[in-house]
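Chain by chain, the residues:
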Amino acid sequence: MSRKPYVRAMTWRWIVRHPRYVRYMVREFSCLFIGGWTLLMVWGLQQLAEGPAAWAAFLECLESPASIVFHVLALGFAAYHSITWFNLTPKALPLQIGERFVPDAAIAGVHFVAWAALSLAVLYLAGAF
Amino acid sequence: MAISNKPIVWGPFAAGGTLTAFITPVLILLTLLAALGHAPDLLAYERLHALAGHWLAKLAVAGVVFLSLWSAAHRLRITCYDLGIRADTVVATILYAGALAGTGASVLYLARI
Amino acid sequence: MGERLVELEVLRYHPEKDTEPRFQRYSATCREEWVVLDALNHIKEAIDPTLSYRWSCHMAVCGSCGMMINGEPKLACKAFLRDYRGVIRVEPLAHFPIERDLITVIDDFMAKLARVRPYLIPKEAKPLSEGEYRQTPAELNHFKQYSMCINCMLCYAACPEYGLIPKYIGPAAIALAHRYNQDSRDGGRDQRQQEIAATEGAWECSFVGACSEVCPEHVDPAGAIQQVKIKSTVDWYAQHLMPWLKK
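Rules behind the numbers
- Residues numbered from 1 in each chain as written.
- Chains lettered and ligands numbered in written order.
- Predicted model: local features only at pLDDT ≥ 70, side-chain atom pairs only at ≥ 80, totals over all residues.
- Helix = DSSP H or I, 4+ residues; strand = E, 2+ residues; numbered from the N terminus.
- Rg over C-alpha atoms; globule rule 2.2 N^0.38 Å.
- Buried ≥ 20, exposed ≤ 12 C-beta atoms within 10 Å, placed from the backbone.
- Pairing = 2+ DSSP bridges.
- Contact = placed C-beta atoms within 7 Å.
- Axes fitted to C-alpha atoms, helices over the stretch in contact; angles between N-to-C directions.
- Left-handed = near helix turned anticlockwise from the far one by under 90°.
- Nonpolar A, V, L, I, M, F, W, Y, C, P; charged D, E, K, R; others polar.
- Core = buried A, V, L, I, M, F, W, Y, C linked by C-beta atoms within 7 Å.
- Domains from an automatic or database assignment.
- Parallel < 35°, antiparallel > 145°, perpendicular 65-115°, else oblique.
- Arc of directions from axis to C-beta.

Novice: Before we go on, may I ask you to explain the overall build of chain A in this structure?
Specialist: Regarding its fold elements, chain A presents four helices and two strands. Mapped in sequence order, the helices and strands of chain A form the string α-α-α-β-β-α. For 129 residues, the compact-globule formula gives about 14 Å, and the C-alpha radius of gyration of chain A, at 22 Å, lies well above that figure. Dimensions of chain A, computed from the C-alpha atoms along their principal axes, are close to 80 × 50 × 25 Å. The buried share of chain A, taken over its 129 residues, is 26%.

Novice: Please clarify how the pairing of strand E5 (residues 88-92) of chain C should be interpreted in this entry.
Specialist: Side-chain positions along a regular strand alternate between the two faces of the sheet. Residues and elements named next belong to chain C. By the bridge criterion, three bridges tie strand E1 (residues 3-12) to E5 in an arrangement that is parallel. Following the sheet pairing, Val10 is matched in E5 by Val90. Where strand E3 (residues 66-69) and E5 come together, three bridges link them in antiparallel fashion. The partner of Met67 across the bridge, within E5, is Pro92.

Novice: Before we go on, may I ask you to explain the interface of chain C and chain B in this structure?
Specialist: By a widespread convention, an interface's size corresponds to the accessible area lost as its parts come together. Opposite the 16 residues of chain C that make contact, chain B presents 11 residues. Of all the elements in the fold, those that place two or more residues in the side of chain C that touches chain B are helix H5 (160-164), helix H7 (189-196) and helix H9 (221-241) of chain C.

Novice: Looking at this structure, how should I read the packing of helix H6 (residues 171-181) of chain C against H9 of chain C?
Specialist: Angle between the axes and distance between the axes: these two values describe a pair of packed helices. All names here are of chain C. Interhelical geometry of H6 versus H9 gives an angle of 65 degrees and a closest axis separation of 8 Å. For the pair H6 and H9, the crossing hand works out as left-handed. Residues Pro171, Ala172, Ile174, Ala175 and His178 of H6 touch H9, and the partners they reach there are Pro221, Ala222, Ala224, Ile225, Gln227 and Val228. When grouped by side-chain class, the residues that make up the contact of H6 with H9 number nine nonpolar, two polar and no charged.

Novice: I tried to follow the interface of chain A and chain B on my own but got confused; where do I start?
Specialist: Contacts between the two partners involve 39 residues from chain A and, on the opposite side, 45 residues from chain B. At 13 residues, the largest contribution of residues to the side of chain A that touches chain B is made by helix H1 (residues 19-50) of chain A. Residue classes in the side of chain A that touches chain B are distributed as 28 nonpolar, nine polar and two charged.

Novice: Which parts of the structure should I look at to understand the sheet that holds E1 of chain C?
Specialist: In a beta sheet, neighbouring strands pair by backbone hydrogen bonds and run either parallel or antiparallel. Residues and elements named next belong to chain C. One open sheet holds the five strands; their spatial order is E2-E1-E5-E3-E4, and the pairing between them is mixed. The strands lining the two open edges of the sheet, one partner per strand, are strand E2 (22-31) and strand E4 (72-75). For this sheet, the mean inter-axis angle between neighbouring strands, taken without regard to orientation, is 35 degrees. Where E3 and E4 come together, four bridges link them in antiparallel fashion. Looking across to E4, one finds that Met68 is bridged to Pro73.

Novice: Before we go on, may I ask you to explain the nonpolar core in this structure?
Specialist: The nonpolar side chains of a soluble globular protein tend to be buried, and buried together. Counting 64 residues, the largest nonpolar core has Ala76, Met153, Cys155 and Ile174 of chain C as its most contacted members. At the level of elements, E1, helix H1 (36-46), E3, helix H4 (154-158), H6, helix H8 (210-214) and H9 of chain C are the ones that each hand at least two residues to this core. Among the elements that take part in this core, H6 of chain C stands out by supplying seven residues, more than any other. Taken together, domain 1 (3-104) and domain 2 (107-241) of chain C each give at least three residues to this core, which thus spans both. Listed in part, the 42 residues of the second largest apolar core include Leu45 and Ala74 of chain A together with Tyr109 and Leu110 of chain B.

Novice: Sorry, what's going on with the packing of H6 of chain C against H7 of chain C here?
Specialist: Residues and elements named next belong to chain C. Running from N to C, H6 and H7 point in directions that differ by 165 degrees, and their axes come no closer than 10 Å. Regarding the angle of H6 to H7, the classification is roughly antiparallel. Taken as a pair, H6 and H7 cross one another with a handedness that is left-handed. Residues Ile174, Ala177, Tyr180 and Asn181 of H6 form the contact with H7, whose participating residues are Arg189, Arg192, Glu195 and Ile196. Residues belonging to the contact of H6 with H7 are distributed by class as follows: four nonpolar, one polar and three charged.

Novice: Explanation requested: the environment of Ala92 of chain B in the structure shown.
Specialist: All names here are of chain B. If you trace the backbone, Ala92 turns up in helix H4 (residues 88-112). In this structure Ala92 comes out as partly exposed when scored by C-beta crowding, with 18 C-beta atoms within 10 Å. Spatially, the C-alpha atom of Ala92 lies 33 Å from that of Ala35, the residues being 57 residues apart in sequence.

Novice: I keep staring at H1 of chain C and nothing clicks. Help me out?
Specialist: Because an α-helix completes one turn every 3.6 residues, residues spaced three or four positions apart along the sequence face the same direction. Residue and element names in this part refer to chain C. Taken residue by residue, H1 has Val36, Ala39, Leu40 and Ile43 as its buried positions. The arc that holds every buried residue of H1, seen down its axis, measures 100 degrees, which confines them to one face. Facing away from the buried side of H1 by more than 90 degrees, the exposed set consists of Glu45 and Ala46. Those residues of H1 hidden inside the fold are in contact with E1, E2, E3 and E5.

Keep in mind that these numbers describe shape and distance, not what the molecule does.
The following block contains the structure:
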């Protein structure tokens, strides 16, 4: 009996083979929006340094339809990054107290509460409300 | 097999991922409000310029820019490999260089404020 | 409980006559309470004795019967027919070469398990006369979860990075190393770091998390890998930024 092992090729289609891989890709793609928005802000820094007129022009660019669409998408993807990150934190940083482990929900929960509190504080200090 | 030096790039990625998880959504919300015509007070030129003039603020902004761009670059590097782009060294070089360039630019602009 | 006509679409491959695998459909009258493994056994007994597959305990503790069932890595003895509708597609575990029919080549996996030194390496030699190692329940719980692995390889089949990067040491091997690193009796972490903190170790993981999702024993290899990454990163920066620090 001769051995002739067959190797199955792996194509990029693995991404759509199961919802969990799709969700993984969505999470990974959040980097495009977080990175993209940050670069947009770096440009904003340049305009801020140039003076009030440049800054006003920058704010006007922000009000374009393309910018609004980008911002909505970026907000969604950034939030998805946050949610997935905080939910995974307990796996990476388990906390054992005595014989038991602190429940994952508690560790993640603390992060979500801090996230909400920080966000509200920033909104308040920025004068958004 | 030797212990990898991956922590050089992974450390900032993990720090950046954590940082962006906490602050990026609310910051995007601020500029989204501006995009919708309801710019928060902080985004008015005088206030923002004054805040950005402080050396501590400049340090913080540069740090946030670096960590945000670096973690995005690292993630995009992994994603490229996941999608079948095998030239990892080339991709990594381009993306990390991009993150450093973005950081450098922000430092330059902050210095001018 | 009654009977049910089940159709299975099984990937066949006989290296002595096939150039590539092909699907073969079987119709089998099964008991409603059966698992896929029962259906395979019935097919082999009554319909096609040439069908080859691994199995042993039939109770999800030996790890032998891992296969792709409708595209998902599962233990065939734990995949209940009642949970499936229509034609059930059965294939060998993904990301492994096919030896024959549903049997995969597992040499790579076995070699990787051995590479992480999966045995206690005491901090200091301790003669029998000094008595046994004592361990509190807390110390046991520090590693117990990672000791539950049954080597079924479902995690390797689920991990896209292993599929893309065959050199990647993989979830089970790293979880196994972590099991020993977390054991209070052990002092061999430095040696294991040579394998799991290498490029083909934990660093090929991108925390997809599929491994932990499919693990039948809830070992959570994904968690183990991230913990290895964090510890390795802290070590690396401590070593490079503060080399005067003794470990």
